[in-house]
Amino acid sequence: MQTIPTGFPENFLWGGAVAACQIEGAYDVDGRGLSSSDIHRYDPHLDRAHLGEHEGGGTLAYIKAAAADTDPNHYYPKRYGIDFYHTYKEDLALLKEMGFKCFRTSISWSRIFPKGIEETPNEKGLAFYDRLIDEIIADGMEPIITVSHYDIPLYLITELGGFANRKVIDCFVRYAKVLFERYKGKIKYWIVCNQVNLLPTVRFGCLGIYDDQAEDMESLMYQAVHNQFVACALAHKAGKAIDPDAQIGTMLAFGTYYPATCKPDDVILNMKNMRLSNYFFADVQLRGEYPLYMLRYFDKHNIHFTVEPGDEELLKAETMDFLALSYYSTSITDSEKNEEKPFSGCKNPYLKPTPWEWRADPQGFYYALSECWDRYRVPLLVAENGIGALDTVEPDGSIHDPYRIEYLRQHIEQMKEAVLDGVDVIAYCAWGPIDIVSSSSAEMSKRYGFIYVDQDDLGHGTKKRSRKDSFYWYKKVIETNGEDLG
């Protein structure tokens, strides 16, 4: 008989996660080229509760204009981040003080291949990541590296059409092989692409396709998805050949949905939309084949794309080693208001909203971990979990954030419940352990961190780092391996 766990494993990896495009800055330093993140302009009139669908994307004309924009009144926050490119040692020292066991970040593709089409990588870009990864390891943390995190070289988008063009597969695999070879023996955990399922919301950042790229955008999007599946499988094949000990995984933005009622129409539509929003992507990358329910969906909705000879055999042979998840909130499915469509849902009236209308739901986290473990039986890595909030700096410089502590406490409690049930969770990376530029709204005001950064939505401020109350709370959580959550 198996032994029931009593808590988190002794080697559990507690830490946090960021993205290069939201933290590094230095967009024009040491040969880096422009990327998809660099044309996301800050909108001072944004409606937080109703953010647009395409984070930083738009038409081809808009993208080219934004890339060439020199208007001093237009601010592109992701070009500057919080200047982690120059402050990483000091920032990592603060994470070390908290006792971090792991640190997830990404590598900026355009820092290594400025246009994405080059045959030879940019050595200055690699040298920065040499220093960064060595510093992470020296500070006692396991590096968890994302190969592509909403940071596609802009040239590959404007000139090739992103992942909708199969030529980009070769560009991606060349880039991934450079990383696998360079950091063999240093990086154990690789996430190939961030949140592969978050479509169409982030189709620009994830796939590099723009709004007016085709008349049939639905078919184009799934062509790009397929090409990205192939690119990930080829990267997995190359990575395992270079370093057999490396663990190479995929990642979902897991959106837990509940039926609005127990009415069968709600229950069935909810099941179908959970497949479309979450499971389809993991079914392909972990089970190695397109599920028939998805082929039926394509046929029903007249969605067509090309699968080249050998693609299906490749997907079957190169399934991923683990599943990474981001988790923030849940929604409901109402058959009278929603349709059979990815991420078609409503707000849960039983849950309280944040200023960005996200409905926190700790039990939904338990549900997500349990469902993914039951379905796939591969190790799970919590790549993101956290709450964006409006923090206030008191006159004495202190930052009291009990709402963040409570959110994380409740989610860690539910993660522990999953572990006690036998779910194999290997790491917990709180999202944004230091305040960074928001992915969805490009603002600094949406703060996730344990560490406050004195910088406003227009990039003004001293950039000084300050410890919030949650800094000391999470430090205690790590020290006690998740036992003391008080």
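Remember, it's a predicted structure, so these values are computed and weren't measured experimentally. (Residues numbered from 1 in each chain as written. Predicted model: local features only at pLDDT ≥ 70, side-chain atom pairs only at ≥ 80, totals over all residues. Heavy atoms only, no water.)

### A word on the packing of helix H14 (residues 402-420) against helix H15 (residues 469-479)
Reasoning step 1: Here H14 crosses H15 at 20°, and the two axes come no closer than 10 Å. Considering the angle they form, H14 stands roughly parallel to H15. At the point where H14 passes H15, the crossing takes the right-handed sense. Facing H14, whose interface residues are Arg404, Ile405, Leu408, Arg409 and Ile412, H15 presents Asp469, Ser470, Trp473, Tyr474 and Val477.
Reasoning step 2: The class makeup of the residues in the contact of H14 with H15 is six nonpolar, one polar and three charged. (Axes fitted to C-alpha atoms, helices over the stretch in contact; angles between N-to-C directions. Helix = DSSP H or I, 4+ residues; strand = E, 2+ residues; numbered from the N terminus. Parallel < 35°, antiparallel > 145°, perpendicular 65-115°, else oblique. Left-handed = near helix turned anticlockwise from the far one by under 90°. Contact = heavy atoms within 4.5 Å. Nonpolar A, V, L, I, M, F, W, Y, C, P; charged D, E, K, R; others polar.)

### Quick word on the pattern of salt bridges
Reasoning step 1: By the definition in use, this model includes 27 salt bridges.
Reasoning step 2: Residue Arg465 pairs with Asp91 through a salt bridge whose shortest N-O separation is 2.9 Å. Note that Arg465 is positioned in strand S12 (residues 465-467) and Asp91 in helix H3 (residues 84-98), a separation of 374 residues in sequence. With respect to class, Arg465 is no different from Asp91; both count as buried.
Reasoning step 3: The partner of Lys416 in a salt bridge is Glu483, with the nearest N and O atoms 3.2 Å apart. Within this pair, whereas Lys416 is found in helix H14, its partner Glu483 is found in the segment after H15, the two being separated by 67 residues in sequence.
Reasoning step 4: Residue classification places Lys416 among the buried positions, given a relative accessible area of 17%.
Reasoning step 5: When its relative accessible area of 47% is taken as the criterion, Glu483 is described as partly exposed. (Salt bridge = Lys/Arg side-chain N within 4 Å of Asp/Glu carboxyl O. Buried < 20%, exposed > 50% of the residue type's maximum accessible area, 1.4 Å probe, protein only.)

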